[in-house]
Amino acid sequence: MTSPIEIEGAETSSALDKESAPQGDAKEPKKLEGRSPGQLMWRRFKRDRTGVWSAWIVLFFFVIAALAPVISKLYGKDPYTFYGQDDPTLLNEFNLPAGPNGGMSPEHWFGIDPNYGRDVLAYLLYGMRTSLYTALCATIGMVILGVVIGLLGGYFGGKIDYWLGRLTDFMMALPNQLFMVAAMPVIVAVFVAPDEETPVYVRFLAITGIMWMLTWMSLARLVRAVTLSLREREFVEAAKVAGASPWRIVRKELLPNLVTPIIVQGTYLLPSTILSVAFLSFVGVGYQDPTPDWGLMFATAAKIYEVDPTYLYFPGVAMVVFFVAFNLFGDSVRDAFDPKTGR
């Protein structure tokens, strides 16, 4: 027989169950949804304040470089007008800024440059535009070439990998900076006669082309190494068994798994490419006056820093801030894609 205590306890527990049971009009608990690798990467990146602030600074530089004509128009100055020749009071007898701090004034916020009296702020904006977007185009080209060569060598192997590997070794053996300096005049002379002025677009194509040819090797080796490990994985073997073509395997199976190293390596390639573009102009084989360029500003500042150190201040600070921010941004992107690297 069942005791009254057990019956009472059963009734009590059943009443509690009814009270605690969810009502029909109550909201059902949310279902747990999985997150894609891109969403996980984005969440990790947003938690990194240093990376977020660095990304905003990098974006700021690219935006003001793109909007240089608009800012220059609102500012009322351009980088091509010789204000020092239009107004003789701006330059002294040595063709240096007559005013203090490089000629800084309400008319010229960052001062004027020596010899010509061009506005430094307008020149800096256009110079950043030239250097940043030249380097960006060159970086895109070298990333594409490096990915293609690395994928071909890593996936097909055999003779293809051997000869592409030897080509990569040969290109890496070249002294890049010396080869750039020596090759730039030769490439320009092929398209322009010595007695003619070289158009800006010819110099742009020559600089991007020589950068594209000489700086893809590190990315190609990285992509090849990752491809060698991926081609032995089960999902690639399953795609081969299913009859997928090599192009489909590369496009659908390998490339999605190579996005992380490509993006991370690209964030490190861009700053070094900007330095190379500025270096070519600094040594006199890149962009030439009157084309504004970061390297040309440093070349001018190196000649007059003893008598006008202010001229070096603004392009120097801008380049330091940009490079520090971009390197921190690259580290944050790497850690967001692969959090194990930050441990």
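Below: a short report on this structure. This structure is a prediction, so every number in the text was calculated from the model and none was measured.

The next thing to look at is the side chain of H108. By the element assignment, H108 lies in the loop between helix 6 (100-103) and helix 7 (120-156). When sequence neighbours within four positions are dropped, the list of residues in contact with H108 reads Y75, K77, Y83, L90, G103 and D119.

Let's shift gears to the side chain of T134. Position of T134 relative to the elements: it lies in helix 7. Judged by relative accessible area, which is 3%, T134 ranks as buried. Those residues within four positions of T134 in sequence are excluded, and the remaining contacts are F204, I207, T208, V277 and Y287.

A cluster of nonpolar side chains, W56, L59, V63, L67, V70 and L74, forms an exposed patch at the surface whose accessible area comes to about 620 Å². When residues of the nonpolar patch are traced back to their parent elements, those giving at least two are helix 3 (49-66) and helix 4 (68-75). At three residues, the largest contribution of residues to the nonpolar patch is made by helix 3. Within the secondary structure, L74 sits in helix 4.

By the definition in use, this model includes 15 aromatic pairs. Both rings, one in F62 and one in F322, keep their centres 6.1 Å apart while their planes meet at 65°; by these two values the pair is edge-to-face. Here F322 lies in helix 15 (residues 310-337) and F62 lies in helix 3, a separation of 260 residues in the sequence. Taking the relative accessible area as the measure of exposure, F62 reaches 14% and is therefore buried. Taking the centre distance of 5.3 Å and the plane angle of 80° together, the rings of Y313 and F314 count as edge-to-face. Each residue in the set F60, F61, F62, Y133, W294, F322, F323, F326 and F329 is aromatic and connected to the rest through ring pairs, giving one cluster. Against the face of Y75 rests K77, its NZ or CZ located 5.7 Å from the ring centre. Here the basic side chain of R166 rests over the ring of Y162, its NZ or CZ set 4.9 Å away from the ring centre.

Parameters at a glance
- Residues numbered from 1 in each chain as written.
- Predicted model: local features only at pLDDT ≥ 70, side-chain atom pairs only at ≥ 80, totals over all residues.
- Heavy atoms only, no water.
- Helix = DSSP H or I, 4+ residues; strand = E, 2+ residues; numbered from the N terminus.
- Contact = heavy atoms within 4.5 Å.
- Buried < 20%, exposed > 50% of the residue type's maximum accessible area, 1.4 Å probe, protein only.
- Patch = residues over 30% accessible without salt bridge, like charges linked within 9 Å, V, L, I, M, F, W, Y side chains within 5 Å.
- Areas by Shrake-Rupley, 256 points an atom, 1.4 Å probe, with all protein chains shown as cover.
- Salt bridge = Lys/Arg side-chain N within 4 Å of Asp/Glu carboxyl O.
- Phe/Tyr/Trp six-rings, centres within 6.5 Å; stacked < 30°, edge-to-face > 60°.
- Lys NZ or Arg CZ within 6 Å of the ring centre and 35° of its normal.

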